[in-house]
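Coordinates in review
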Amino acid sequence: MASSAPSDQGVAPLWQYVAVTDYCPPAVTVEHTVRTGLSAFWQHFCTKEPPPETPFKTEEELQSIPGILLERIAPAPDGQRAALALDEALTAWLDSVQMDQPVVLVLHPPYGMHGDILKAWAGLHEWRVLPPPTTGQIFRRETDWIMSGSANLTSWVLPNLERCYLRHAHGLTLVRRLLDQACSGALGRGVIGCDSWAWAFLRRAWSGATPPLLILQSFDQHRLARWFQSFASKSGISDLIFRQADNGDYVLPPPTDTQNESANISDFLQQLAAYSRGIPGIAHAIWRASLRTAPDELPKDASTAKESTYQPTTLWITPWRRFKRPAPTTDLLRQHAFILHTLLLHNGLSAEWLSQLLPASSQPSPATLYRLESAGLIKQQRNGFWQISPLGYPAIRLFLKSEGYLTDDL
Amino acid sequence: MSNEQTENLAALLGHLTETTIVQIVLIVAGTWLLIALTQRFLPVLAGKLAGRNRLYMLALVPALRLCIITGAVLLILQRVIEPTLENLVGLLGALGLAVGFASKDYVSSLIAGVVASYEMPYRPGDWIEIDGTYGEVQAIRLRTVEIVTPDDTVAHIPHLQIWNQTILNANDGSQHLLCVANFYLHPRHNAVQVLKLLHDVALTSPFLQIERPINVTVQEKPFGTHYCLKAYPIDPRQQFHFVTDLTVRGKAMLLQLGVESATTPAIADLAS
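Criteria and cut-off values
Residues numbered from 1 in each chain as written. Chains lettered and ligands numbered in written order. Predicted model: local features only at pLDDT ≥ 70, side-chain atom pairs only at ≥ 80, totals over all residues. Heavy atoms only, no water. Helix = DSSP H or I, 4+ residues; strand = E, 2+ residues; numbered from the N terminus. Buried < 20%, exposed > 50% of the residue type's maximum accessible area, 1.4 Å probe, protein only. Contact = heavy atoms within 4.5 Å. Areas by Shrake-Rupley, 256 points an atom, 1.4 Å probe, with all protein chains shown as cover. Axes fitted to C-alpha atoms, helices over the stretch in contact; angles between N-to-C directions. Parallel < 35°, antiparallel > 145°, perpendicular 65-115°, else oblique. Nonpolar A, V, L, I, M, F, W, Y, C, P; charged D, E, K, R; others polar. Salt bridge = Lys/Arg side-chain N within 4 Å of Asp/Glu carboxyl O. 1 Å grid on protein atoms, 1.4 Å probe; cavity = no way out; pocket = protein on both sides within 12 Å on 5 of 7 lines; lining within 4 Å. Points joined across faces, edges and corners; volume = space filled by probe spheres on them. Patch = residues over 30% accessible without salt bridge, like charges linked within 9 Å, V, L, I, M, F, W, Y side chains within 5 Å. Lys, Arg positive; Asp, Glu negative; His and termini not counted. Charge placed at Lys NZ, Arg CZ, Asp CG, Glu CD. Polar contact = N/O pair within 3.5 Å; in protein donor to acceptor, adjacent residues only side chain to side chain. Pairing = 2+ DSSP bridges. Arc of directions from axis to C-beta.

**Observations concerning the overall build of chain B**
Each helix and strand counted, chain B has 9 helices and 8 strands in total. Counting all 272 residues of chain B, 37% fall into the buried class. Within chain B, contacts between residues at least 6 apart in sequence are counted, and of these 63% link residues at least 24 apart. Summed over its atoms, the accessible surface of chain B is roughly 15500 Å², and 61% of this surface lies on carbon and sulfur atoms.

**Topic: the overall build of chain A**
Looking only at helices and strands, chain A features 17 helices and 13 strands. Burial analysis of chain A (410 residues in total) assigns 52% to the buried set. Excluding contacts between residues fewer than 6 apart, the proportion of contacts in chain A whose partners are at least 24 apart in sequence is 78%.

**Re the packing of helix α10 (residues 221-234) of chain A against helix α11 (residues 268-275) of chain A**
Residue and element names in this part refer to chain A. At a minimum axis separation of 8 Å, α10 and α11 run at an interaxial angle of 110 degrees. In terms of their interaxial angle, α10 and α11 are classed as roughly perpendicular. Residues Gln221, Leu224, Ala225 and Phe228 of α10 form the contact with α11, whose participating residues are Leu269, Gln270, Leu272 and Ala273. When grouped by side-chain class, the residues that make up the contact of α10 with α11 number 6 nonpolar, 2 polar and no charged.

**Some thoughts on the interface of chain B and chain A**
Listed as interface residues are 23 residues of chain B and, on the opposing side, 23 residues of chain A. Counting every contact that joins chain B to chain A gives 2 salt bridges. The shortest N-O distance in the salt bridge between Asp200(B) and Arg176(A) comes to 2.7 Å. Considering only residue class, the side of chain B that touches chain A consists of 11 nonpolar, 8 polar and 4 charged.

**Describing empty space enclosed by the protein**
Residues and elements named next belong to chain B. Going through the model one piece at a time under the given rule, you end up with 5 cavities of 30 Å³ or more. Approximately 120 Å³ is the volume attributed to the largest cavity. The wall of the largest cavity is formed by 13 residues, among which Arg54, Gln175, Asp235, Pro236 and Arg237 lie closest to the centre. Take the lining of the largest cavity: its biggest share by element is 3 residues, from helix α3 (residues 51-80). Put simply, the second largest cavity is a space of about 80 Å³. As for the second largest cavity, its lining consists of Pro62, Arg65, Leu66, Gly113, Val114, Ser117, Ile140, Arg141 and Leu142.

**Let's talk about a nonpolar patch on the surface**
Among the surface-exposed residues, Trp32(B), Leu33(B), Leu37(B) and Phe41(B) lie close enough to one another that they form a single nonpolar patch of about 450 Å² accessible area. Tracing the backbone shows Leu33(B) in helix α2 (residues 18-48).

**Brief notes about the layout of surface pockets**
All names here are of chain A. Size it by volume and the second largest pocket reaches roughly 820 Å³. Tyr111, Met113, Asp116, Gln381 and Gln387 are the residues nearest the centre of the second largest pocket, which is lined by 27 residues in total. Of all the elements in the fold, those that place two or more residues in the lining of the second largest pocket are α5 (114-125) and α12 (280-290).

**Side note on a negative patch on the surface**
All names here are of chain A. The grouping of Glu59, Glu60, Glu61 and Asp296 at the surface amounts to a negative patch. Within the element layout of this structure, Glu61 appears in the loop between α1 (30-45) and β3 (63-64). Judged by relative accessible area, Glu61 falls into the partly exposed class, the value being 37%.

**As for the side chain of Arg249(B)**
All names here are of chain B. Mapped onto the secondary structure, Arg249 falls in helix α8 (residues 239-257). Taking relative accessible area as the criterion, Arg249 reaches 16% and is therefore assigned buried. Within the structure, the side chain of Arg249 is placed 2.5 Å from the backbone oxygen of Val201, a separation counted as a polar contact. Beyond its immediate stretch of four places on either side in the chain, Arg249 contacts Val201, Thr204 and Ser205.

**Brief notes about the sheet that holds strand β8 (residues 224-231) of chain B**
All names here are of chain B. If you trace the 3 strands from one edge of the open sheet to the other, you get β6-β8-β7, paired in antiparallel fashion. Looking at the sheet topology across the chains shown, the edges are occupied by β6 (179-185) and β7 (215-221). Taking the axes of each pair of neighbouring strands and ignoring which way they run, one obtains an average angle of 20 degrees across the sheet. Pairing analysis gives 7 bridges linking β6 to β8, with the strands arranged antiparallel. Residue Leu185 lies in a different strand from β8, and its bridge partner there is Thr225. Its contacts with the sheet put helix α7 (residues 191-203) on β6, β7 and β8, and the angle it makes with β8 is roughly 30 degrees.

**Some remarks on the pattern of salt bridges**
Once their charged atoms are close, side chains differing in charge can pair, the charge on each being opposite to the other. Enumeration over the complete set of coordinates arrives at 15 salt bridges over all chains. Ionic contacts of the salt-bridge type, sharing partners, join the residues Arg123(B), Asp126(B) and Asp172(B) into one network.

**Overview of helix α3 (residues 80-89) of chain A**
Those residues of α3(A) that sit buried are Ala82(A), Ala83(A), Ala85(A), Leu86(A) and Ala89(A). Axial view of α3(A): buried residues confined to an arc of 160 degrees, hence all on one face.

**What to know about the sheet that holds strand β2 (residues 133-140) of chain B**
Residues and elements named next belong to chain B. Strands sit in the order β4-β3-β2-β1-β5 across an open sheet of 5 strands; the sheet is antiparallel. In the strand order of this sheet, the two ends are held by β4 (154-158) and β5 (167-169), each with one partner. With strand direction ignored, the average angle separating the axes of adjacent strands in the sheet is 40 degrees. In terms of strand pairing, strand β3 (residues 144-148) meets β4 through 5 bridges, oriented antiparallel. By the bridge assignment, Ile147 is partnered in β4 with Ala155.

Structural data, given as structure tokens:
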């Protein structure tokens with residue numbers, strides 16, 4: 001069932017859906033592990049700043065990229081290309097006339113964009129998109145929501161299964177009933193999207209047989225390079241060069257006409273892929289945050305650039321070890337582990353429902369939430385939901401795993 | 001003391017010079033310093049670590065202390081007496097006899113401490129109960145095991161308890177500690193429904209170690225129906241919060257379900 005979007009021959013496709021057993025997150029480099037371990041150890045016992053180095057471009061010489069320009073160079077990804085890859089992966093299932101597998105489950109890690117991708121896929125086939133129940137409906141166990149949503153339908157897509165349950169004694173009835181009915185074929189054929197953390201919990205809370213699982217293959221440094229390059233190519237800005245600010249190494253391969261033999265390739269993307277665990281949404285957020293430009297090297301539109309005055313535009317990438325990632329203390333994480341874990345299991349919650357799900361001893365006050373926000377660990381969405389921040393996710397996942405909390409399998 | 005005995009002792013300690021005495025003093029001081037350092041800094045270092053690493057680091061303290069003392073005794077003996085078999089047997093025999101009579105229980109605890117280091121009936125981080133005292137093992141000293149009770153009281157229990165007392169170890173070196181929340185309900189209710197509900201109460205607790213099984217057992221008692229909800233917390237140190245959470249949420253859910261707690265009138269109801 002696993003497959004991929006159209007791609008160049010001989011090159012691994014950018015977007016590719018695979019079975020969970022074939023999913024392989026980018027390996028963390030030994031250097032990264034040693035460096036992270038040593039720096040964490042050092043942080044415990046020393047507060048002294050490391051000695052300054054002489055960078056290729058100092059931080060004072062660089063500035064953040066203006067928002068409008070950033071939207072052109074690293075725009076928010078849409079789910080269209082991934083939807084095509086998903087479509088190819090589902091071809092055999094769609095062609096099958098047997099109803100022995102009425103449901104396919106598509107897993108995505110946090111910031112895996114599964115909602116957008118599944119909606120885009122539903123648009124390709126004009127399948128009905130089922131909206132999730134409200135939290136009130138879940139809590140009141142209004143199981144008729146399922147039938148009202150799928151009445152007179154044989155084909156449907158539920159993009160966000162994680163929005164159909166609450167980790168509460170009254171929050172599981174509805175999702176269990178939904179999965180029972182969907183997997184028995186009583187609701188026709190359906191594609192269900194689910195957050196990997198929510199599924200890690202649900203597969204322990206629901207005793208049915210697991211339906212076929214698909215997952216978007218992780219992005220290693222090669223995939224990230226092609227992805228980011230494709231953004232740059234479509235930006236409409238004449239030749240963009242991405243170089244590391246401290247040593248001038250190329251982060252993305254330079255255009256062939258500017259290439260010279262002495263050009264070094266940076267390991268930034270390798271570090272990024274490992275740190276983000278190959279999750280495109282998280283890598284993309286870090287990529288955007290690491291982009292810098294020099295005021296005298298403003299990007300030019302391709303339409304206005306003349307060959308006679310040709311000069312490639314250089315964008316500078318903050319070196320990996322200088323990139324400011326959230327670095328919460330173990331005490332902070334331990335103190336608020338329940339809040340962070342509950343947010344991950346639900347892929348975001350409102351403050352009100354977060355309070356309902358947590359024990360009295362761990363109630364999240366507004367001050368607590370804003371403290372976690374200022375530490376870069378969580379962020380508030382436009383709909384008021386609190387969610388783990390993309391930059392904070394890797395550190396939080398690492399901590400929760402080391403403490404024995406339930407984590408996703410990815 | 002006869003002349004012969006005096007001569008023997010003089011021969012035994014004949015090579016004890018001033019230099020040797022200074023060396024012995026330095027060895028004793030160095031030993032004391034090393035033990036103090038390990039007892040002070042290893043727990044601090046352990047506090048910075050998470051999960052099992054913390055327990056391993058804490059377990060190093062008594063093991064290191066034993067090694068240091070053994071090393072120091074050997075170094076001193078080497079300097080005090082000629083290390084022949086006869087001398088060693090004579091010295092240690094006399095020493096053992098004297099100390100044994102003078103402080104039998106003390107020595108018994110010391111020996112039990114060595115046995116405890118080897119057999120490991122408890123380790124730092126374990127939750128143990130000895131003679132009715134329950135708490136978390138904080139440190140294993142030479143003579144005693146130091147535990148902190150749930151009321152934050154430190155109890156020093158001599159190791160010699162391991163000779164004739166039952167040592168109850170709730171987690172035995174692991175992170176898995178079974179907690180039990182008890183519910184006593186009025187007998188007139190749907191037991192299957194309550195079983196499912198209590199299972200979900202445990203499943204949805206943030207304290208739950210979900211990789212471990214959840215069990216609900218039921219027993220009919222003269223005063224009502226007794227439910228035992230058994231599950232494991234993520235961290236053994238959260239056991240009391242976990243049981244509280246299970247009890248509070250379990251009671252709330254049961255009330256919503258319309259199931260009443262067993263009370264004295266329930267018996268009267270049944271009788272009528």
